[in-house]
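# Structural overview
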Amino acid sequence: MIWFKIALSVIIFVEIIWTWNVRQTRYSSKPYTKLEVPLNDITSKHLQEWSHWKNLYKKEYKNAEEESTKFSNWLRNLNSVSEHNLNASLNKISFTAALNEFSDMSIQEIRNNMLGQKMNFVQAPPAQSQEMSASDIDSTLPDEIDWREKGFVTEVKNQGPTCRAGWAFSATGSMEGGLFRRTKRLTSLSEQNLIDCSYTNCKKGCDGGDPGSGITFSEESSVAYVDGVWKQYRDEVGLKSMVGRLGPASTMIDASHESFQNYAGGVYDEPNCSSKDLDHGVLIVGYGKENGKDYWLVKNSWGTSWGEKGYIKMSRNKNNQCGIASRVFYPYVYPDNNKLDDM
């Protein structure tokens, strides 16, 4: 039985390599076809790690050709993670990387299947917004806050690898926090309801959308006691005041980078991030400082295998990196929750 398993593994491995070679010949002019690991350097250890990773995340593929594609993507991500962490160990980078359940996807697949269409916040449809006034800036704000510790945040959810619906998870997250402030009960709201029922120009189900539009739909549908008003800011000073006083807030960011796909921990700092071209909805649940670097504590919707158990610390006070403050929404849940209570 043991020898049979070994022989079967060798056959599968040879078939993957053969199919990969065929693809290289057939598609050599396309991007993402060159392996960072030379073919001669692929060892049984790579195969063992690949097999372990597939078992860990219960991955199954239709045929050997699909598996060879996924194996190639996985190897590229493995190399990227190794190189990144080497630089992190030399203190050249402030965050670490790791393989996760999406490591068999190329960055282009992530963009096509998990992120929304790039939305320039300047050109985005106007929202019912109220700008931050000078009186809103409270000098007594805490230096750091984590709304998870106060009961405002539900468990990390997973939008899956084929639905570009981060906007819906972002919208429900801020509404869940607002509802908790009102009722003192944490209720998990349905993203599927938004995905299925709120298709317009700004919210297109699994094809992407805007969390602010999801909040508006909830108001129109009398969901979660939303009063239909949100605040929109364009600077991190106002954002800190809102998050520090009121609770979790929905936002859009640029998540289109390999460094985001492979993020594992630390303060995320991506100099190539755009502050205007935004493609993914997330939830800001706090802020703080780590190793002298200011960060926003952000909840993603890619499950707990990604990041710090589903969360990421994004650079704060760094020129609005990744557009973290470019398009932010906070739902009013009646009665008026714009006033601090005894939370």
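This is a predicted model, so every value here is computed, not measured.

Cut-off values and rules
Residues numbered from 1 in each chain as written. Predicted model: local features only at pLDDT ≥ 70, side-chain atom pairs only at ≥ 80, totals over all residues. Heavy atoms only, no water. Core = buried A, V, L, I, M, F, W, Y, C linked by side-chain atoms within 4.5 Å. Buried < 20%, exposed > 50% of the residue type's maximum accessible area, 1.4 Å probe, protein only. Helix = DSSP H or I, 4+ residues; strand = E, 2+ residues; numbered from the N terminus. Contact = heavy atoms within 4.5 Å. Salt bridge = Lys/Arg side-chain N within 4 Å of Asp/Glu carboxyl O. Disulfide = S-S within 2.5 Å. Phe/Tyr/Trp six-rings, centres within 6.5 Å; stacked < 30°, edge-to-face > 60°. Lys NZ or Arg CZ within 6 Å of the ring centre and 35° of its normal. Pairing = 2+ DSSP bridges. Polar contact = N/O pair within 3.5 Å; in protein donor to acceptor, adjacent residues only side chain to side chain. Expected span 1.5 Å × (residues − 1). Arc of directions from axis to C-beta.

### Digging into the nonpolar core
Counting 46 residues, the largest nonpolar core has L239, Y268 and I324 as its most contacted members. When contributions to this core are tallied by element, the ones reaching two or more residues are helix 4 (107-113), helix 8 (236-246), strand 4 (249-253), strand 5 (263-268), strand 7 (280-290), strand 8 (293-299) and strand 9 (311-315). Filtering out sequence-adjacent residues up to four positions away, L239 remains in contact with I284, W296, I324, A325 and V328. Counting 15 residues, the second largest nonpolar core, distinct from the first, contains F169, A171, L179 and I215.

### Description of the pattern of salt bridges
As enumerated under the stated definition, the model contains 12 salt bridges in all. A salt bridge links R327 to D210, with the nearest nitrogen and oxygen atoms 2.6 Å apart. Here the residue R327 occupies a position in the loop between strand 9 and strand 10 (328-329), and D210 occupies one in the loop between helix 6 (191-197) and helix 7 (211-220), the gap between them amounting to 117 residues. Grouping residues by exposure puts R327 and D210 together as buried. Between E308 and K313 there is a salt bridge, and its shortest N-O distance comes to 2.6 Å.

### Some words on the state of the cysteines
Throughout the structure, instances matching the rule amount to two disulfides. Covalent S-S linkage joins C273 and C322, the inter-sulfur distance amounting to 2.1 Å. With the S-S bond torsion at 90 degrees, the cross-link from C273 to C322 turns out right-handed. On the criterion of sequence distance, the pair formed by C273 in the loop between strand 5 and strand 6 (277-278) and C322 in the loop between strand 9 and strand 10 is long-range, its members being 49 residues apart.

### A short note on the packing of aromatic side chains
Counted under the stated rule, the structure contains 18 aromatic pairs. The interplanar angle of 15 degrees and the centroid separation of 6.1 Å between the aromatic rings of F71 and W74 together place this pair among those described as stacked. Within this pair, F71 and its partner W74 are both found in helix 3 (residues 64-89), separated by three residues, close to a single helical turn. Like F71, the residue W74 is buried in the burial classification. Considering the side-chain rings of Y263 and W306, the 5.7 Å spacing of their centres and the 45 degrees angle between planes classify their relative orientation as tilted. Of this pair, Y263 sits in strand 5 while W306 sits in the loop between strand 8 and strand 9, placing them 43 residues apart in sequence. When its relative accessible area of 1% is taken as the criterion, Y263 is described as buried. The rings of F95, F102, F260, Y263, Y268, W302 and W306 are connected pair by pair, giving a single aromatic cluster. In this arrangement the basic side chain of K313 is found over the ring face of Y295, its NZ or CZ atom lying 5.6 Å from the centre. The ring of W296 carries the charged tip of R316 above its face, separated from the ring centre by 5.6 Å.

### Overview of the pairing of strand 9
Burial analysis of strand 9 places five of its five residues in the buried class, which makes it a mostly covered element. Sheet topology places strand 5 next to strand 9; two bridges connect them, and they run parallel. What sits directly across from Y268, in strand 9, is M314. Pairing between strand 8 and strand 9: five bridges, direction antiparallel. For K299, the partnering residue across the bridge sits in strand 9 and is Y311.

### Side note on the side chain of S250
Among the structural elements, S250 can be located in strand 4. Only 2.6 Å separates the side chain of S250 from the backbone oxygen of S170, close enough to count as a polar contact. Among the polar contacts made by the side chain of S250, one reaches the side chain of S174 at a distance of 2.7 Å. Residues contacting S250, with those up to four places away along its chain left out, are S170, A171, S174, P211, I215, V282, L283, R327, V328 and F329.

### What about helix 2 (residues 44-56)?
Taking 1.5 Å per residue as the helical rise, helix 2 with its 13 residues ought to reach 18 Å, and the 18 Å between its terminal C-alpha atoms agrees with that figure. Here helix 2 has its buried residues at H46, L47, W50, W53 and K54. The arc that holds the buried residues of helix 2, viewed along the axis, is 125 degrees, so those residues lie on one side. Away from the buried face of helix 2 by more than 90 degrees, exposed residues S44, K45, Q48, H52 and N55 are located. At the exit of helix 2 stands K58, carrying a positive phi of roughly 55 degrees.

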